[in-house]
Amino acid sequence: MRGFRNTSILLAVFAIALAACGGTAALPTATTAPPPPGPTEEASPPAPTPLPSPTALMGLFRFEGDDPSQPTVPNGPSDRWDGRYINPGLVLFHQDRFHMLRNGFMNWPGVVSQGYLTSLDGRTWIEEQEAPVLTSESVPYAAPGANVSTGYVDSDGMWVIFFHTVSNTEPSRIGRAHASSPLGPWQIDPEPVLSPGPAGSWDESHLRWPSILQTEAGYVLYYTGVDSSSRTRIGRATSADGQTWTKHDDPTTAEAPFSESDPVHSPEAEWEGRGVDRPIMVLNDLDGWLMLYQGGSNLNQRGLAFSEDGISWTRHPENPILTRELLPKPGTTWDTNLVYHDGTYYWFLEIGSLVATDIYLATHEGPLAP
């Protein structure tokens, strides 16, 4: 389903015709009630497997809800822009509530749209309007998709988001947009803010899944870099204004002398295989610099790493902290996002199958560092 997300999944997508599925109820809407979900169309679901026991959900994170197999944010009606696949996109806490610009799409790669939701507790969400507030059709260099994954609200109240482009034929790049309100209108930067490095470098093929942090010195952006052999590493770039970026360059490293930058997190542990990617960054007084990331070709393996400077990282001894057995239902997890608020971490996960995905919530109170 996910083009560059997983080679085996891409082959599966090209090999079968996906059946749209709208079997979950739509979210409440702030202005008008959404239409009822469409009928479930013919699809051959995988053979059922036993759900994990309640104790299996007790790890560093616990999935929320009386029935953890039910999503926190379901996809929309089957004939709507978000009626098949959704992921949490951008999630942040601002002015007494959570805000989410979730990504919705019917095919991958394909046009990706963003819908706006709010929540007082991170568990119950209200859709502020049925129509998307932004679509990748507005991005001049999307070919054809743009997947939002991070952002912030600046001191002037301006909303700023970052995304990576999605294509089968073009390299993925990182772009930026801003608006005075999450409802838009959104202004897209005419050119990407970060692009792949020169031939032979560790990030020569694609840049994906940006995650931004605001610091006293400015902005720090982490991202996945992909080389020509599809090996993935995590890089870092810095900016004083959030618009002009400089990739991290370690003068003591000679791994690729022709590269314009160096990664800050590369696969080392056995479970990470040949790649680490999908970094999600948090910076707070509880755990300092924290990175949640995926390792290996198994999308259901996630780990934690900690840092004192945002450059050198120490892995959590219990990695991977998420495996397939800990999911609240049989399936796969793709994009996720992590928010820290008032002593609690809120982890929003896209979980589902090649037919459809929804968003689930897992939480953890207190520090994550061992």
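Scoring rules and cut-offs
Residues numbered from 1 in each chain as written. Predicted model: local features only at pLDDT ≥ 70, side-chain atom pairs only at ≥ 80, totals over all residues. Heavy atoms only, no water. Helix = DSSP H or I, 4+ residues; strand = E, 2+ residues; numbered from the N terminus. Buried < 20%, exposed > 50% of the residue type's maximum accessible area, 1.4 Å probe, protein only. Phe/Tyr/Trp six-rings, centres within 6.5 Å; stacked < 30°, edge-to-face > 60°. Pairing = 2+ DSSP bridges. Core = buried A, V, L, I, M, F, W, Y, C linked by side-chain atoms within 4.5 Å. Contact = heavy atoms within 4.5 Å. pLDDT = per-residue confidence, 0-100. Salt bridge = Lys/Arg side-chain N within 4 Å of Asp/Glu carboxyl O. Polar contact = N/O pair within 3.5 Å; in protein donor to acceptor, adjacent residues only side chain to side chain.

## Describing unusual backbone geometry
Point 1. At the junction of tryptophan 108 and proline 109, the peptide bond is cis and its omega measures out at -5° in the coordinates.
Point 2. Looking at the secondary structure, you find proline 109 in the loop between β3 (97–105) and β4 (113–119).
Point 3. Note the cis peptide between alanine 143 and proline 144, where omega equals 5°.
Point 4. Its identity is not glycine, yet aspartate 96 carries a phi of approximately 70°, on the positive side.
Point 5. Structurally, aspartate 96 can be placed in the loop between β2 (85–94) and β3.
Point 6. Judged by relative accessible area, which is 51%, aspartate 96 ranks as exposed.
Point 7. The backbone of arginine 278 shows a phi angle near 50°, a positive value even though the residue is not glycine.
Point 8. Mapped onto the elements, arginine 278 comes out in strand β15 (residues 276–284).
Point 9. Classification of arginine 278 by relative accessible area gives buried; the value is 4%.

## Focus: the packing of aromatic side chains
When we look at a pair of aromatic rings, we describe it by the centre distance and by the angle of the planes.
Point 1. Within the structure shown, the criterion is met by 15 aromatic pairs.
Point 2. Aromatic rings pair up to connect Phe93, Phe98, Trp125, Tyr346 and Phe348 into one cluster.

## Some remarks on the sheet that holds β15
Strand pairing in a sheet relies on backbone hydrogen bonds, with the paired strands running either antiparallel or parallel.
Point 1. With respect to topology, four strands assemble into an open sheet ordered β15-β16-β17-β18, the strand pairing being antiparallel. Edge positions in the sheet fall to β15 and β18 (314–315), since each of these pairs with one other strand and no more.
Point 2. With two bridges connecting them, strand β17 (residues 302–307) and β18 associate as antiparallel partners. By the bridge assignment for β18, phenylalanine 306 is matched with threonine 314.

## What about the nonpolar core?
Point 1. Phe61, Leu290, Leu304, Leu338, Trp347 and Leu368 are the most contacted members of the largest nonpolar core, which totals 20 residues.
Point 2. Where this core is concerned, the elements lending two or more residues are β15, β16 (288–295), β17, β20 (344–352) and β21 (357–365).
Point 3. When residues of this core are assigned to their parent elements, the largest contribution, four residues, is made by β20.
Point 4. Apart from the residues lying within four places of it in its own chain, the contact partners of leucine 304 are Leu60, Leu290, Met291, Leu292, Tyr293, Thr314, Arg315, His316, Asn319, Ile321 and Leu368.
Point 5. Formed by 19 residues, the second largest nonpolar core is a distinct cluster that contains Leu101, Val148, Phe163 and Ala179.

## Here's the deal with the sheet that holds strand β8 (residues 159–166)
Point 1. The four strands lie next to each other as β7-β8-β9-β10, forming an open sheet whose pairing is antiparallel. One side of each edge strand has no neighbouring strand; the edge strands of this open sheet are β7 (145–153) and β10 (187–188).
Point 2. Where strand β9 (residues 174–179) meets β10, two bridges bridge the pair, whose relative direction is antiparallel. Of the residues in β10, the one forming a bridge with histidine 178 is glutamine 187.

## Some points on the confidence of the model for the protein
Point 1. Here the protein averages 87 in pLDDT, while 82% of its residues score no lower than 70.
Point 2. Note that pLDDT drops below 50 for residues 1–26; the model gives that stretch 78 contacts with residues more than four away or on any other chain.
Point 3. pLDDT under 50 marks residues 31–57. Its contacts with residues more than four places away, or in other chains, come to 43 contacts.

## Quick word on the pairing of β9
Point 1. Burial analysis of β9 places five of its six residues in the buried class, the great majority of the element.
Point 2. Of the pairings in the sheet, the one linking β8 to β9 comprises six bridges and is antiparallel in character. Following the sheet pairing, histidine 164 is matched in β9 by isoleucine 174.

## Notes on the pattern of salt bridges
Point 1. What the rule picks out here adds up to 13 salt bridges.
Point 2. For the salt bridge of aspartate 227 with arginine 233, the shortest nitrogen-to-oxygen distance reads 3.5 Å. With respect to burial, aspartate 227 and arginine 233 carry one shared label: buried.
Point 3. Because the salt bridges share partners, they merge into one network encompassing Arg80, Asp82, Arg102 and Glu127.

## What to know about the side chain of aspartate 227
Point 1. Mapped onto the fold, aspartate 227 is located in the loop between β12 (218–226) and β13 (232–239).
Point 2. At 2.9 Å, the side chain of aspartate 227 and the side chain of serine 229 are in polar contact.
Point 3. In terms of polar contacts, aspartate 227 uses its side chain to reach the side chain of arginine 233, at 3.5 Å.

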